[in-house]
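Listed here are the chains, written in short residue letters.
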Amino acid sequence: MILDGWFYTGAAISVLSAIICILATIFRDHPADSSILSLAAIELFLAVYAVYALISPVPLNGPGWEFWGYIFTAMILPPIAFFWGITDKTRWSNLVMAAIGPTILVMIHRLQVIWHG
């Protein structure tokens, strides 16, 4: 398995987002703008990753429906957490947003396994 720059960049953004959201859970009693912006950073990364996957050369046993299913699922998680955060005005919405970082980290690791075989 090859872990390349895409994985390390996504991992850094995901971990940083989780840390920001956990700190917001501790110190804020309502959804923090920093938590919402960290979700936006994850979503932007995923959009760029999806475009890269779409235009890059495909390996011999290229990614199939499973790869694109993971991309689609990963891309809908941050907006779901965002809408949760703006509708639930408690401190716990920050914790829901914090769960997105580790989830996306696992998903991009799985995407790397699928892509590189």
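Please refer to the structure placed before this passage.
Residues numbered from 1 in each chain as written. Predicted model: local features only at pLDDT ≥ 70, side-chain atom pairs only at ≥ 80, totals over all residues. Heavy atoms only, no water.

Participant: Before we go on, may I ask you to explain the nonpolar core in this structure?
Facilitator: One recurring pattern in soluble globular proteins is that nonpolar side chains are buried together. With 24 residues, the main nonpolar core has Leu46, Phe67, Ile104 and Ile108 as its most contacted residues. Counting only elements with at least two residues in this core, the list comes to α1 (5-27), α2 (33-55), α3 (65-87), α4 (92-98) and α5 (100-116). In this structure Leu46 touches Ala74, Met75, Pro78, Ile104 and Ile108, once residues within four positions along its chain are discounted. (Core = buried A, V, L, I, M, F, W, Y, C linked by side-chain atoms within 4.5 Å. Buried < 20%, exposed > 50% of the residue type's maximum accessible area, 1.4 Å probe, protein only. Helix = DSSP H or I, 4+ residues; strand = E, 2+ residues; numbered from the N terminus. Contact = heavy atoms within 4.5 Å.)

Participant: Would you mind going over the pattern of salt bridges with me for this structure?
Facilitator: Close approach of charged atoms lets side chains of opposite charge pair. Under the defined criterion, the tally for this structure stands at one salt bridge. Of the charged contacts, one joins Arg110 and Glu66 as a salt bridge, the two residues approaching to 2.8 Å between their closest N and O atoms. Separated by 44 residues along the polypeptide, Arg110 in helix α5 and Glu66 in helix α3 bring together distant segments of the chain. Overall, the relative accessible area of 29% leaves Arg110 in the partly exposed class. Among the residues examined, Glu66 registers a relative accessible area of 42% and is labelled partly exposed. (Salt bridge = Lys/Arg side-chain N within 4 Å of Asp/Glu carboxyl O.)

Participant: I tried to follow α1 on my own but got confused; where do I start?
Facilitator: Residues spaced three or four apart along an α-helix point in a common direction, a consequence of the helix completing one turn every 3.6 residues. End to end, α1 covers 33 Å across 23 residues, agreeing with the expected 33 Å (1.5 Å per residue, within 8%). Restricting attention to buried positions, one finds in α1 the residues Phe7, Gly10, Ala11, Ser14, Ser17, Ala18, Cys21, Ala24 and Thr25. Here the buried face of α1 lies against α2, α4 and α5. (Expected span 1.5 Å × (residues − 1).)

Participant: Just checking my understanding: could you explain the packing of aromatic side chains for this structure?
Facilitator: Given two aromatic rings, one states the distance between the centres and the angle between the planes to describe the pair. Applying the stated rule across the entire model yields seven aromatic pairs. Consider the rings of Phe67 and Trp68, whose centres lie 5.1 Å apart with planes at 90°: the pair is edge-to-face. A residue is classified by how much of its surface remains accessible, and Trp68, at 29% relative accessible area, is partly exposed. Among the aromatic residues, those joined into a cluster by ring pairs are Trp6, Phe45, Tyr49 and Tyr52. (Phe/Tyr/Trp six-rings, centres within 6.5 Å; stacked < 30°, edge-to-face > 60°.)

Participant: Looking at this model, I keep getting lost on α3. Mind explaining?
Facilitator: Here α3 spans 33 Å end to end across 23 residues, near enough to the 33 Å set by a 1.5 Å rise per residue. Every buried residue of α3 is listed here: Phe67, Ile71, Ala74, Pro78, Ala81 and Gly85.

Participant: What am I meant to see in the packing of α3 against α5 here?
Facilitator: The angle between the axes and the distance between the axes are what describe a pair of packed helices. At their nearest, the axes of α3 and α5 sit 10 Å apart, and the two run at 165° to each other. Comparing the axis directions of α3 and α5 gives the class roughly antiparallel. For the crossing formed where α3 meets α5, the hand is left-handed. Residues Glu66, Phe67, Tyr70, Ile71, Thr73, Ala74, Leu77, Pro78 and Ala81 of α3 form the contact with α5, whose own contacting residues are Ile100, Thr103, Ile104, Met107, Arg110, Leu111, Ile114 and Trp115. In terms of residue class, the contact of α3 with α5 is built from 13 nonpolar, two polar and two charged. (Axes fitted to C-alpha atoms, helices over the stretch in contact; angles between N-to-C directions. Parallel < 35°, antiparallel > 145°, perpendicular 65-115°, else oblique. Left-handed = near helix turned anticlockwise from the far one by under 90°. Nonpolar A, V, L, I, M, F, W, Y, C, P; charged D, E, K, R; others polar.)

These values are about where atoms sit, not about what they do.
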